[in-house]
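Spelled out, the chains give:
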2 protein chains.
Amino acid sequence: MITSFEAATDIIEFGPQLSLRGVRMHFARNAEIFGEGEEAEYVYRVVSGAVRTMRFTSDGRRQILGFHLPGDIFGVEIGDTHSLSAEAVSGCDVVLVRRSCVDKAVSENTGAARALLTLTSEHLSSARAHALVLGRKGAGERVAAFLLELAGRFVSKNELDLPMSRADIADYLGLTIETVSRAFSEFERECAIALPSSRHVVMRNPSALMHYEAA
Amino acid sequence: MITSFEAATDIIEFGPQLSLRGVRMHFARNAEIFGEGEEAEYVYRVVSGAVRTMRFTSDGRRQILGFHLPGDIFGVEIGDTHSLSAEAVSGCDVVLVRRSCVDKAVSENTGAARALLTLTSEHLSSARAHALVLGRKGAGERVAAFLLELAGRFVSKNELDLPMSRADIADYLGLTIETVSRAFSEFERECAIALPSSRHVVMRNPSALMHYEAA
DNA sequence: CGGGCGATTGATTGCCTTCAAACGTGGTGG
DNA sequence: CCACCACGTTTGAAGGCAATCAATCGCCCG
């Protein structure tokens, strides 16, 4: 479901002090948006669909570092190359703004600089929350935390359409597909959630989920 | 060992564009420097010793998010409260600069804003590297990565004095004390390191460690 | 010399992964 | 329109790795 008012503009709003016009692009499911090590030529904002950012170990294991939903900005770098890769989870529309435009705004305007600082700080905050989950939580707790995190983004809705596969969730939570699937099944068995289809989650008892989360 | 030239000044240098004078304080081993949720009144820089920043799950499990060595800045927040806690790993000297001074510099000077942005971006980068380790690496790989990370900070020295206990390392790597200890023992058995004492590590064969790290 | 704390080592448990198979669903071609 | 195929998901069984439980060791300080 695309919110049309968002689709109607090609602006990236970094904050009240910094809005820049960009161009819109569409990416097919699983298409690469940028790769780790590539020159960071643009900054990105999700208009519709979902994006994953990730990094790989040398032997090919994938760690998804974040999912990005409509309104989210990603691909922001200070150095001149991307420190991670980004792919479309589903078909999605993305707005691109040239790095040079962002840099120009930042160097001319402390408000712009502050907006970018706030954004980076929020990214840091979620990366730390993620590290806590990965370092100190069991499988059920991780999946519960994931569902609650996602539910918190869909304002006052107790139903979720997951854009990502079980494999994506597993690679985000540092688990395997099977373990994620088992956690979903257990939550359903305990009536914490309902699963009309594998991608559609009904939050039947969020407080039970919070109990699983135990954090 | 305290590097006296650093101890000679009470300045926090955020970057070439932003240096601020502060006051020095000493903290005893395990003393709290600030707590999660407290008002973020200062920004901190390690002069000597080591500091850990951490967060807790609701049931008391601890995740150390970073170790901070001489020269490192920590406790930087955009919101008005600390999002994590900080304690002295060893007895240490720390320089404090008032948040209001930092905010003032940032709002007056885009160079200052850029320095703070660069700093936050570096913190983000290490948080992401940490998440990759926590999410997708086994016990031996984590410990090897930790040793190499620390070794990379002590320029061209192949000997390390660990300021932190096995418990600290375990809580940083999402492991237990016993597992960390076993990894050290195995590395020693394989002649990748030597352990003249439990806190003193000699890097006997860094490339063997890199092989263990497998990333 | 004794006490306490951190570290190491060993034995066992338990959770998550791995391996394996079946299920369901959506898309395609006959 | 239906059969079939491919892929994602679920479920089951077995194995492995790290946690837990437990005991000993070593060291620093009193």
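Structure: see above.
Below or above, wherever it landed, is the structure these notes cover. Position numbers for residues count from 1 along each chain, tracking the sequence in the order it is written. For this description, chains carry letters from A and ligands carry numbers from 1, given in the order in which they are written. The predicted nature of this model means local features are confined to residues of pLDDT at least 70 and side-chain atom pairs, given and counted, to a pLDDT of 80 or more, with totals for whole chains, interfaces and linings taken over all residues. As a rule here, side-chain values cover all heavy atoms of the structure and leave hydrogens and water aside.

1. Observations regarding the interface of chain B and chain A
Frequently, the measure chosen for interface size is the accessible area that the parts lose on association. Applied cut-off: Whether two residues touch is decided by their heavy atoms; if any such pair falls within 4.5 Å, the residues are in contact. Using a 1.4 Å probe, buried area is obtained as the accessible area two parts lose upon being combined, added over both of them. Salt bridges are counted wherever a side-chain nitrogen of Lys or Arg sits within 4 Å of a carboxyl oxygen of Asp or Glu. Whenever a nitrogen or oxygen atom comes within 3.5 Å of another N or O atom, the pair is scored as a polar contact, on the condition that within protein one atom can donate a hydrogen and the other can accept it, and that pairs from neighbouring residues in sequence are kept only if both atoms are in side chains. Here a strand is any run of E in DSSP of at least two residues, a helix any run of H or I of at least four, and the numbering for each starts at the N terminus. Classes in brief: Ala, Val, Leu, Ile, Met, Phe, Trp, Tyr, Cys and Pro nonpolar; Asp, Glu, Lys and Arg charged; the others, Gly included, polar.
Listed as interface residues are 45 residues of chain B and, on the opposing side, 45 residues of chain A. Between chain B and chain A, the buried area comes to about 3,800 Å², and carbon and sulfur atoms account for 61% of it. On the chain B side of the interface with chain A, the three residues burying the most area are Leu117(B), Arg128(B) and Arg136(B), jointly 20% of the side's total. Inspection of the chain B/chain A interface yields six salt bridges. Its salt-bridge partner being Arg114(B), residue Asp103(A) comes within 3.9 Å of it at the nearest N-O pair. Linking chain B with chain A are 16 residue pairs in polar contact (both at pLDDT 80 or more), by the criterion used here. At the level of secondary structure, the elements contributing two or more residues to the side of chain B that touches chain A comprise strand 6 (51-56), strand 7 (62-68), helix 2 (99-108), helix 3 (110-136) and helix 5 (166-173) of chain B. With 19 residues, helix 3 of chain B is the largest single contributor of residues to the side of chain B that touches chain A. Class assignment for the residues of the side of chain B that touches chain A results in 18 nonpolar, 15 polar and 12 charged.

2. Things to note about the sheet that holds strand 9 (residues 85-88) of chain A
Where we set the bar: A pair of strands is labelled paired if DSSP reports no fewer than 2 bridges between them. Between N-to-C directions, angles cover 0 to 180 degrees, with each direction set by a line fitted to C-alpha atoms, over the stretch in contact for helices.
If you walk across this open sheet you meet the four strands as 4-9-6-7 (chain A), and the pairing is antiparallel. A strand with exactly one partner marks an edge of an open sheet, and here the two such strands are strand 4 (32-34) and strand 7 (62-68) of chain A. The mean inter-strand angle of the sheet, taken between neighbouring strand axes irrespective of direction, is 30°. Examined bridge by bridge, strand 4 of chain A and strand 9 of chain A share two bridges and lie antiparallel to one another. The partner of Glu32(A) across the bridge, within strand 9 of chain A, is Glu87(A). Here helix 3 of chain B sits on the sheet and contacts strand 6 (51-56) and strand 7 of chain A; the angle it forms with strand 7 of chain A, its principal contact strand, is near 125°.

3. Some words on the protein's contact with DNA strand C
The condition that has to hold: Note on terminology: near, applied to a residue and a molecule or strand, indicates that one of the residue's heavy atoms is within 4 Å of it.
Close contacts around DNA strand C come from 17 residues, with Ala139(A), Thr179(A), Arg166(B), Ser181(B) and Ser185(B) the closest. Here a base nitrogen of DNA strand C sits 3.1 Å away from a polar atom, N or O, in the side chain of Glu178(A). A distance of 2.7 Å separates a phosphate oxygen of DNA strand C from a polar side-chain atom of Arg166(B). For the surface near DNA strand C, the secondary-structure elements that each account for two or more residues are helix 6 (177-189) of chain A together with helix 6 (177-189) of chain B. The leading source of residues in the surface near DNA strand C is helix 6 of chain B, at five residues. Of the residues assigned to the surface near DNA strand C, the class counts are three nonpolar, eight polar and six charged.

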